[in-house]
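Each chain is listed here by its residues.
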Amino acid sequence: MAELKLMKGNEALAEAAIRAGVDAYFGYPITPQTEIIEYLMMEQPEKRTGMVVLQAESEVAAINMVYGAAGTGKRVFTSSSSPGISLKQEGISYMAGAEIPAVVVNVVRGGPGLGTIQPSQADYFQSVKGGGHGDYKLYVLAPASVQEMADFVEDAFDIAFKYMAPVLILSDGLIGQMMEKVYLKEQKPRWTDEEIYKMHNDWATFGRKNGRERNIITSLDLKSEKMEKRVHRLYKKYAQMEEEDLRYETIQCEDAEYIIVAYGSSARIAQKTVDLARAKGIKVGLLRPITLFPFPKKQLMELTKQVKGILSVELNTGQMVEDVRLAVEHKVPVEHFGRTGGIIHTPEEILEALQQKLIKG
Amino acid sequence: MDIKDIIKPENLVYKNTELMTDNTLSYCPGCGHGTAHNVLMGVIEEMGIVEDTIGVAPVGCSVLAYEFMDIDMQQAAHGRAPAVATAIARTWPDKYVFTYQGDGDLAAIGTAETIHACNRGENIVIIFVNNGIYGMTGGQMAPTTLPNMPSSTSPYGRDTATTGFPLKITELVANLPGVYSASRHAVHTHKHVRKAKKAIEKAFKDTRLKKGLSIIEIVSNCNSGWKMQPRQSNTWMEENMFPYYELGDIKVNGKLVNKQ
Ligand SMILES: Cc1ncc(C[n+]2csc(CCOP(=O)(O)OP(=O)(O)O)c2C)c(N)n1
Ligand code: SF4
Ligand SMILES: [Mg+2]
């Protein structure tokens, strides 16, 4: 039954996963995302839908569990926060290489090192520039509300299976911890074994059925020509993602003279800045990338025709700003503003930065 | 006369199992890995469970096991096979799931995954090929390398004062309630092969009965890493590996075997 509920972002994501008919979750506790595994354990989804939930001995084990179950055609996900995501990188790289569809959630906290448990967007580079070893990319979805924490679970699985690739939901401690109204869809059934046998017969390792050839899940190609082919195949997918599955939102950009680019929690705060600026007569718009890869490069370039400057607002010392600069090819000034260490910028601070860095300067 | 004439049905003594592919083994001539593969595939073939069996290959010389075993397989990151197998078994509780791992994979980098899969009593079979060395990377010291045994990273012999003693990980995990059976075997003679085969078959049956995890250690040679001729390596194994890694049952049906 569809429902309207007041929930934390982390809980909404967990509940949405059960309702989407996900088969399994493997994870290890770490603040600020532990509610995901706690919620799942409390809900006992094995009774509701048959979904498996297992607390792994580490993030390393958890991501490799995802690899194993996802490699059999099941819909599987894991979640963690920054230090734990670092540990998962080898496994994520293996999944990209072996072309395994799965979902990874990062509810980002401040770093480097053990850093802070407060919200941050300091894992942008790690998320969109590869993260693990080798030539690969992740499709990255950045939710900016509790509703999107819930909705993006199914979207992420759709993309993962469309491209046979791991997908990352890049949230942060603010979106994970805050409570908002969320509309939850009705329960969908999990795929039956028979459905999996049919749909994924050509690649999944559920046992060599009905005299078909064996299926193999591997990222290894010792022959260089074959390995190059594999890497090129991956890059074709990424090009297709850019063509077909880019997502972004524009707010009051039509007449804007200045643009703020921000995702996730920063976008929520910057939305307020747009209103504050407009009340003062400064025409500011917001471009919110919903996918961080693919990145709205063309849309940014298009905006350079009308705007005098762009401010990249992030909870870090300047990461996405590099991609914004690459996208606009120095056509307009691009500046960065962001607090870090777990401090969250205010709408007023952002407006002041915009005035200082782009208008007065 | 060509090979087909030699292996006419009337001349055939031992048949290769159907579940071994025709791909040429990547192992050094004389290496025990190939025999271990054949034994394992023989069990799956005889049990008639290929449609419901998923294997997990390690990183090590047997990284390419999926090229030789004609079954559905996944290749796991170094040491993580027990985690991979855990999830397959959890999401497909009616399937047969095994890992095939070397001693570096299982007892060094993957120690945590090994111990925790054992402790949870996952319904999986672990085939553990212990050759006391890192074969694949060219013969470096493993946690299982014997005292004073030379390797490329212990060129003057393993010094137990600074590197510890060879890890008997099968004995270690046998102490965990999640482990239903643990035994140590070899595959360099027919007699040993028959025993190993029996143990593997029982292990698969027990996981289907949800008895928990079974670990089958196979003490094997690495003639290349040990810098020996194949035959010499088998003799060396009998004289040096077997006294330390005693063959036989370690735990049977949930009960530790008292070796007094
Ligand atoms: C994360 C990681 N670290 C190191 C390696 C390099 N490596 C590959 S195989 C191996 C040792 C394998 O030894 P063992 O498990 O005993 O298998 P064997 O080759 O002896 O059968 C190492 C260290 C790797 N592939 N991945
Ligand atoms: S290096 Fe050792 S373990 Fe590897 S194939 Fe050769 S003999 Fe076998
Ligand atoms: Mg070895």
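Computed from a predicted structure; not experimentally measured.

Let's talk about the site of ligand 1
Right, on to step 1. As a matter of local geometry, ligand 1 sits amid 17 residues, with Cys61(B), Asp103(B), Gly104(B), Asp105(B) and Gly135(B) nearest to it.
Right, on to step 2. Around ligand 1, the nearby residues trace back to chains A and B.
Right, on to step 3. Contacts to ligand 1 include Asn131(B), whose side-chain N or O atom sits 3.1 Å from an oxygen atom.
Right, on to step 4. Contacts to ligand 1 include Met136(B), whose backbone N or O atom sits 2.9 Å from an oxygen atom.

Here we look at the domain arrangement of chain A
Residues and elements named next belong to chain A.
Right, on to step 1. Partitioning chain A into structural domains gives domain 1 (3–184) and domain 2 (248–359).
Right, on to step 2. Here domain 1 and domain 2 have C-alpha centroids that lie 27 Å from each other.
Right, on to step 3. Tallying the contact residues gives 28 residues for domain 1 and 25 residues for domain 2.
Right, on to step 4. Taking both sides of the interface into account, the surface hidden between domain 1 and domain 2 amounts to around 2200 Å²; carbon and sulfur atoms contribute 56%.
Right, on to step 5. Area buried by domain 1 at its contact with domain 2 is led by Gln-121, Tyr-124 and Phe-125, which between them contribute 32% of it.
Right, on to step 6. Here domain 1 and domain 2 share three salt bridges between them.
Right, on to step 7. Asp-323 is the salt-bridge partner of Lys-129, the closest N and O atoms lying 2.6 Å from each other.
Right, on to step 8. There are 16 residue pairs in polar contact (both at pLDDT 80 or more) connecting domain 1 and domain 2.
Right, on to step 9. Among the secondary structure elements, those contributing two or more residues to the side of domain 1 that touches domain 2 are strand E6 (116–119), helix H6 (124–128), strand E7 (139–141), helix H7 (146–163), strand E8 (166–172) and helix H8 (173–177).
Right, on to step 10. A class-by-class count of the residues in the side of domain 1 that touches domain 2 yields 17 nonpolar, five polar and six charged.

Section: the coordination of the magnesium ion (ligand 3)
Residue and element names in this part refer to chain B.
Right, on to step 1. Protein-derived coordination of the magnesium ion (ligand 3) comes from Asp-103 (OD), Asn-131 (OD1) and Ile-133 (O), at a distance range of 2.0 to 2.1 Å.
Right, on to step 2. Between consecutive donors of the magnesium ion (ligand 3), the numbers of intervening residues give the motif D-x27-N-x1-I. Neither residue differs from the other here; Asn-131 and Ile-133 are each classed as buried.

Some words on the pattern of salt bridges
Residues and elements named next belong to chain A.
Right, on to step 1. What the rule picks out here adds up to 40 salt bridges over all chains.
Right, on to step 2. Notably, a salt bridge pairs Arg-19 with Glu-3, separated by 2.4 Å at the nearest N-O pair. Highlighted residues: Arg-19 in helix H1 (residues 9–19) and Glu-3 in strand E1 (residues 3–8), separated in sequence by 16 residues.
Right, on to step 3. A relative accessible area of 8% places Arg-19 in the buried class.
Right, on to step 4. With relative accessibility at 23%, the residue Glu-3 sits in the partly exposed group.
Right, on to step 5. Across the pair Asp-155 and Arg-247 runs a salt bridge, and its minimum N-O distance is 3.0 Å. With Asp-155 in helix H7 and Arg-247 in the loop between helix H10 (224–244) and strand E11 (248–251), the pair connects residues that are 92 residues apart, well separated along the chain.
Right, on to step 6. Residue Asp-155 is classed as partly exposed on the basis of its relative accessible area, which comes to 22%.
Right, on to step 7. Here Arg-247 falls in the partly exposed class, since its relative accessible area comes to 28%.
Right, on to step 8. The network of salt bridges with common partners includes Glu-3, Glu-15, Arg-19, Glu-43 and Arg-48.

Thresholds, definitions, all that
- Residues numbered from 1 in each chain as written.
- Chains lettered and ligands numbered in written order.
- Predicted model: local features only at pLDDT ≥ 70, side-chain atom pairs only at ≥ 80, totals over all residues.
- Heavy atoms only, no water.
- Near = heavy atom within 4 Å.
- Polar contact = N/O pair within 3.5 Å; in protein donor to acceptor, adjacent residues only side chain to side chain.
- Domains from an automatic or database assignment.
- Contact = heavy atoms within 4.5 Å.
- Buried area = accessible area lost by both parts, 1.4 Å probe.
- Salt bridge = Lys/Arg side-chain N within 4 Å of Asp/Glu carboxyl O.
- Helix = DSSP H or I, 4+ residues; strand = E, 2+ residues; numbered from the N terminus.
- Nonpolar A, V, L, I, M, F, W, Y, C, P; charged D, E, K, R; others polar.
- Donors = N, O, S within 2.8 Å, 3.2 Å for Na, K, Ca; no water.
- Buried < 20%, exposed > 50% of the residue type's maximum accessible area, 1.4 Å probe, protein only.

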